[in-house]
Amino acid sequence: MATEVAAPLDGAAVRRWTRRATAARARTTLGERLSDAWGGLVSAGIGVAVAGGGLASLRERIALAGAPVTGTTLPASLTSAALALLALAGVVVVLARLGPVSATPAAAAWWLPLPADRRSLLRGELSRLTVAGVAVAVLLALPLVFGAAAAPTVGSVLGGLGWAVAPAVAAVGGTALLQTRHRGRGVAGAAGAVAGAAAVVPAVAGTLAAAGGRPVGVPAAGTLPGWVLAVAAVAAAALLVQADRGLGRLDAGRLLAGGATARYAGGSLLSLDTRQLGRALAGRDRPPRRSRRFRRVRRPWQAVVATDLAVLVRGRWQLGQLAVAAGVPVVVARTEGLGALPPAVWAGCLIGWGLAATAAGRAAREAHGAPELDRLFALSAAAVVRSRAVVPLVATALVCALSGLLLGVGTGLAGTWALLGLAAAPAWAAAALRGALRPDPDWSGPVVSTPMGVLPAGVGATLVQGVDVGVVGSLPLLAALVTGGPTPLLVAVQAAWALLLAAAVLVQLGRRRSPGS
């Protein structure tokens, strides 16, 4: 008796059947879906229009701005290229952390065991990822394209969007291709190194140029010929095609691991829990090359400080984040046009020093996730909070003082600038602790409907805890930028104000943690 061999299933047919079964059991109607899609398009259009108008207004303010507080030595084209490279490296890091091609637990349980071509099964995932990357690139590029020129033309708009879409497709295709060939282990680290260089190299170049009294010389920024964009588009498409051909080599274990990470990150994003999102996208710490006994640690508070320092030093990303944090304010202040706008320079300082506070607060975030570790020390809750403030204070002091020193090169007030940055460090150290130890969103109270879904009322106030202290604590810095430069009086005001805020935050955190200690 002949045995009939069943033909393998078509992956596209399996995906189509799943979509039909899901639609048949869905409670939402076609009108509701169209309404949601229309609402999303309107929200995106409003955001693009507001961002484009803001950039156009910024261009006009740059044209009317006076003399900058610090010497501007970086052309805007160089800073724009560095920003684009930084954004592309960030996209590659996220893609590498999420797979990029992955399978949800349901897909891993129902699809992967089927006798179907895995390449056709996973093609839909790669397509959705590519569409999402292109959509994000277009949304981010539209305000820049419309705000860069006073009278944008169709050709300039299409060219700008093309230069945004091609790198996005290349990032998706390249990371997916490396994943199919099982060579994507070091992609995130390499992208992180590129991101760090994109911020540090312009800062160093601008500072050296300011010390020499001349701007950075770069080739004249002109419109690239169309064939260059065509070559980039063809290369990006080739990477995507090669990645599609290798989807059949992906094993179920890697797909399931990537799907779990993507699900965790997606849930954290929808619930606006940035701490969980950071844990989902965090890489593994590098193992220490040799063990350390910490012989000088004699007291419990010293053990807390030594633990925080070990976590900071052994992290893969924290040291790089601190370097980028020191470079971002310098790049903004040295860029032609932006350096003449005190609010722009102040915003650059907030971004850079906020990144430093995020890196320095990692140990406190881990302690918040495992509060039983703090109870092992013979310390009160207030004493633990004070001990955990030591490492963030040292880290932010180094970053803020270095940024201030680099800002002051070429002005004759380098020491005063360094002291002004150092004086702001206590506020950012307190911001690091306040952000790390902030309470979780309260889902037991009233909720509100938002474009992100249903969220607890007041979740925005929870998200800004930490950032608010850093922003308010840096107001004297803004006054120094507006008035033309730092003075000893402003340095003293900045130091007193930052120390007052830091003390208030430490007292508040110690009292809040006391009941659970």
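The model shown is predicted, which means the values in this text are computed figures rather than measured ones. (Residues numbered from 1 in each chain as written. Predicted model: local features only at pLDDT ≥ 70, side-chain atom pairs only at ≥ 80, totals over all residues. Heavy atoms only, no water.)

Chemist: I'd like a rundown of the overall build of the chain, residues and numbers included.
Modeler: The helix and strand tally for the chain stands at 21 helices and 2 strands. The burial tally for the chain puts 38% of its 517 residues in the buried class. The long-range fraction of contacts in the chain, counting pairs at least 24 apart against all pairs at least 6 apart in sequence, stands at 81%. With an accessible surface of roughly 27600 Å², the chain has 68% of that area assigned to carbon and sulfur atoms. (Helix = DSSP H or I, 4+ residues; strand = E, 2+ residues; numbered from the N terminus. Buried < 20%, exposed > 50% of the residue type's maximum accessible area, 1.4 Å probe, protein only. Contact = heavy atoms within 4.5 Å. Areas by Shrake-Rupley, 256 points an atom, 1.4 Å probe, with all protein chains shown as cover.)

Chemist: Requested: an account of the environment of Val-228, with residues and values cited.
Modeler: Looking at the element boundaries, Val-228 is found in helix 8 (residues 226-245). Taking the C-alpha atoms as reference, Val-228 lies 9.9 Å from Trp-163; in sequence the two are 65 residues apart.

Chemist: Lay out a nonpolar patch on the surface in plain terms, naming residues and giving numbers.
Modeler: A contiguous nonpolar patch, built from Trp-38, Leu-41, Val-42, Ile-46 and Val-50 and spanning about 550 Å² of accessible area, is present on the exposed surface. Tracing the backbone shows Trp-38 in helix 2 (residues 30-64). (Patch = residues over 30% accessible without salt bridge, like charges linked within 9 Å, V, L, I, M, F, W, Y side chains within 5 Å. Salt bridge = Lys/Arg side-chain N within 4 Å of Asp/Glu carboxyl O.)

Chemist: Explain the side chain of Thr-207 residue by residue, including any values.
Modeler: Residue position: Thr-207 is located in helix 7 (residues 187-212). Using a relative accessible area of 9% as the deciding quantity, one classes Thr-207 as buried. Setting aside anything within four residues of it in sequence, one finds Thr-207 in contact with Val-330, Leu-406 and Val-409.

Chemist: Summarise helix 3 (residues 76-98); cite the residues concerned and give the values.
Modeler: Residues lying three or four places apart along an α-helix face the same way, a consequence of the helix completing one turn every 3.6 residues. Helix length check: helix 3, at 23 residues, gives a terminal C-alpha distance of 33 Å against a target of 33 Å (1.5 Å per residue), a fit within 8%. Buried residues of helix 3: Thr-79, Ala-82, Ala-89, Val-92, Val-93 and Leu-95, and no others. Taken from the residues just after helix 3, Gly-99 is the one with a positive phi, measuring 145°. (Expected span 1.5 Å × (residues − 1).)

Chemist: Describe the nonpolar core, listing the residues and the values that go with them.
Modeler: With 45 residues, the main nonpolar core has Trp-353, Val-399, Trp-428 and Leu-477 as its most contacted residues. Elements that contribute at least two residues to this core include exactly helix 11 (300-314), helix 12 (318-334), helix 13 (342-360), helix 16 (390-408), helix 17 (414-436), helix 20 (475-483) and helix 21 (488-513). Residue contacts for Val-399: discarding those within four places in its chain leaves Leu-322, Ala-325, Ala-326, Trp-353 and Ala-356. One finds Val-93, Leu-122, Leu-177 and Leu-247 within the second-largest nonpolar core, a separate group that totals 26 residues. (Core = buried A, V, L, I, M, F, W, Y, C linked by side-chain atoms within 4.5 Å.)

Chemist: Can you break down the pattern of salt bridges residue by residue, with the values?
Modeler: Following the criterion strictly, the structure yields 6 salt bridges and no others. Here Asp-244 and Arg-123 are joined by a salt bridge, their closest N and O atoms 3.0 Å apart. With Asp-244 in helix 8 and Arg-123 in helix 5 (residues 118-148), the pair connects residues that are 121 residues apart, well separated along the chain. Of the residues examined, Asp-244 reaches a relative accessible area of 14% and is grouped as buried. Put simply, Arg-128 and Glu-125 hold a salt bridge, and the shortest N to O gap is 2.9 Å. Separated by 3 residues within a single helix, Arg-128 and Glu-125 lie in helix 5, roughly one turn from each other. Each member of the salt-bridge network shares a partner with another, and the members are Arg-119, Arg-123 and Asp-244.

Worth remembering: the numbers are spatial, not functional.
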